Amino acid sequence: MATIRFGTDGWRDVIADNFTFENVAKVAQAYASYLLEHSGKKVVVGYDTRFMAEKFARKAAEVLAANGLEVHLSKSYLPTPALSYAVKHLEADGGVMLTASHNPPEYQGFKIKGAYGGSATPALVAEVEKKLGTEPKLFDSTRHKLHTFDIRKPYYDHLMGLLEVEALRSYEGVLYHDSMGGAGAGWLSGFAKHAKLKLELREIHGVPHPLFYGVNPEPIPANQQVVMTVLRAEEGLTFAAVTDGDADRIGAVLAGGEHFNSHQIFAVLIKHLVSKGLKGRVVKTFSVSRVVERLAKKLGLEVVTTPIGFKYITDEMLKGGVLVGGEESGGIGVSGHIPERDAIYNALLLLESIVKTGKSLGQQFAEIEAEVGFKHYYDRLDLHLPSVEHIRKVMETVKNPPSIANQQVTDLETLDGVKWNFAGGGWLLFRASGTEPVLRIYCEMPSPELVQSVLAQAKKLVE
């Protein structure tokens, strides 16, 4: 049998291959042992819309309860950020979310949440992983009890305390939400009803679907053809919020069908939060747009750059004083909420920015580009190369950059991979996957033609 390997905040694997009830029980037992060792008493468990998610969640809950913990199991599927909020609201010592987030539909995962209501720190995950191997305790319904919870209303009330609800109620336009068949299904429309908003909320793929309507539930253009087609007929301020499989990552599509990427969303959110009178550090991962960095500095905000992975942003948020933290993949955490990515809250903040400015997301970002003096165009390649050894040699080679697409390299950064900074403000980043022979190449340049030219030449360089 394959080994159970933990990633950034838990374990993911292929359903019926290594993700089995037996292995879920083993991981749950390891987490129970960790909680008990740290005097934990209460834990919450939630799940997404993937195949058998509810049954896997119940198995995890039963093992936790068999260890004498007070266990609260969600009555229905819910977004990961809602589960994280439940940890705080129910004053639990930790949480478990059965989800594989944006991974393909054949995967499921076991995410661990800290008592603070956010992704487990690497140290916490490492402790749980060390406890794997203990025989899971057996659940006995005559001795062990499972409580259930529904966090929807408390979560909505919490968001209402963070948002300018009266401003949102003044908006009578259309907002689309493509939940991709994932755990965000019905949660934005539910908030609209709860807050008595007048807008018309149109759902796309709003019925949960374990196969995510034939795509991987990640809000990138390749998976957004339906919503992009629908939005082509729209104009003005209308946009679509697109949430991933567990609704912690956000993408957007503008009226006219244009993709609005995570870097652009991040920049608009920074500008909007500052307009609300909020301040703090801006935390960005190594692969996030130069626009975000320039905008933050122009607004007088300290910028912290971390390696790639939201766990590093969580660490910064737990220190306090962070306004917003975000990553290239669409995970954005905002001050005053939980130290967690939340696509539902982010979507409502984007709508709030439109209501307050009277300008579309595209117009707002164009103003930001003018303000910072840089045009943003971005793309990424994921190259499957022959071996990890091949990639190791490539990573050594790219530390000595040749001339590429007539761009002058001014300096290198090696925080997480190797980044070439170009004279005109653009950059190219080479980063190896830590677990498979995949090389990721990220590029931001001031024109779409330059992005594609630089990526094409970079690809030839490494293959």
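As shown above, the structure is provided for reference.
Here the structure is a predicted model, which means the values were calculated and not measured.

> Residues and numbers for the packing of aromatic side chains, please.
According to the stated counting rule, one finds 12 aromatic pairs in the structure shown. On the basis of an interplanar angle of 90° and a centroid distance of 6.2 Å, the ring pair of F260 and F365 is categorised as edge-to-face. Remark: F365 occurs in helix 13 (residues 361-372) and F260 occurs in strand 12 (residues 259-260); sequence separation between them is 105 residues. With respect to burial, F260 and F365 carry one shared label: buried. Both rings, one in W420 and one in F430, keep their centres 5.1 Å apart while their planes meet at 55°; by these two values the pair is tilted. You can see W420 sitting in strand 19 (residues 418-422) and its partner F430 sitting in strand 20 (residues 427-432), a full 10 residues away along the chain.

> Any chance you could break down the sheet that holds strand 9 (residues 200-204) for me, citing the residues and the numbers?
Read from one edge to the other, the open sheet built from 5 strands follows the order 9-8-10-11-12, with strand pairing classed as mixed. The sheet is open, and its two borders are formed by strand 9 and strand 12, each paired with just one other strand. Bridge count between strand 8 (residues 174-178) and strand 9: 5 bridges; the pairing is parallel. What sits directly across from D178, in strand 9, is I204. Across the face of the sheet, helix 12 (residues 343-357) comes into contact with strand 8, strand 10 (239-243) and strand 11 (250-254) while running at roughly 165° to strand 10.

> So, unusual backbone geometry: which residues are in play, and what are the values?
For E91, which is not glycine, the phi torsion reads 55° and is therefore positive. One can find E91 in the loop between helix 3 (80-89) and strand 4 (95-98). Look at A405: it is not a glycine, yet its phi comes out positive at around 50°. Along the chain, A405 turns up in the loop between helix 14 (388-397) and strand 18 (409-413).

Parameters and conventions
- Residues numbered from 1 in each chain as written.
- Predicted model: local features only at pLDDT ≥ 70, side-chain atom pairs only at ≥ 80, totals over all residues.
- Heavy atoms only, no water.
- Phe/Tyr/Trp six-rings, centres within 6.5 Å; stacked < 30°, edge-to-face > 60°.
- Helix = DSSP H or I, 4+ residues; strand = E, 2+ residues; numbered from the N terminus.
- Buried < 20%, exposed > 50% of the residue type's maximum accessible area, 1.4 Å probe, protein only.
- Pairing = 2+ DSSP bridges.
- Contact = heavy atoms within 4.5 Å.
- Axes fitted to C-alpha atoms, helices over the stretch in contact; angles between N-to-C directions.

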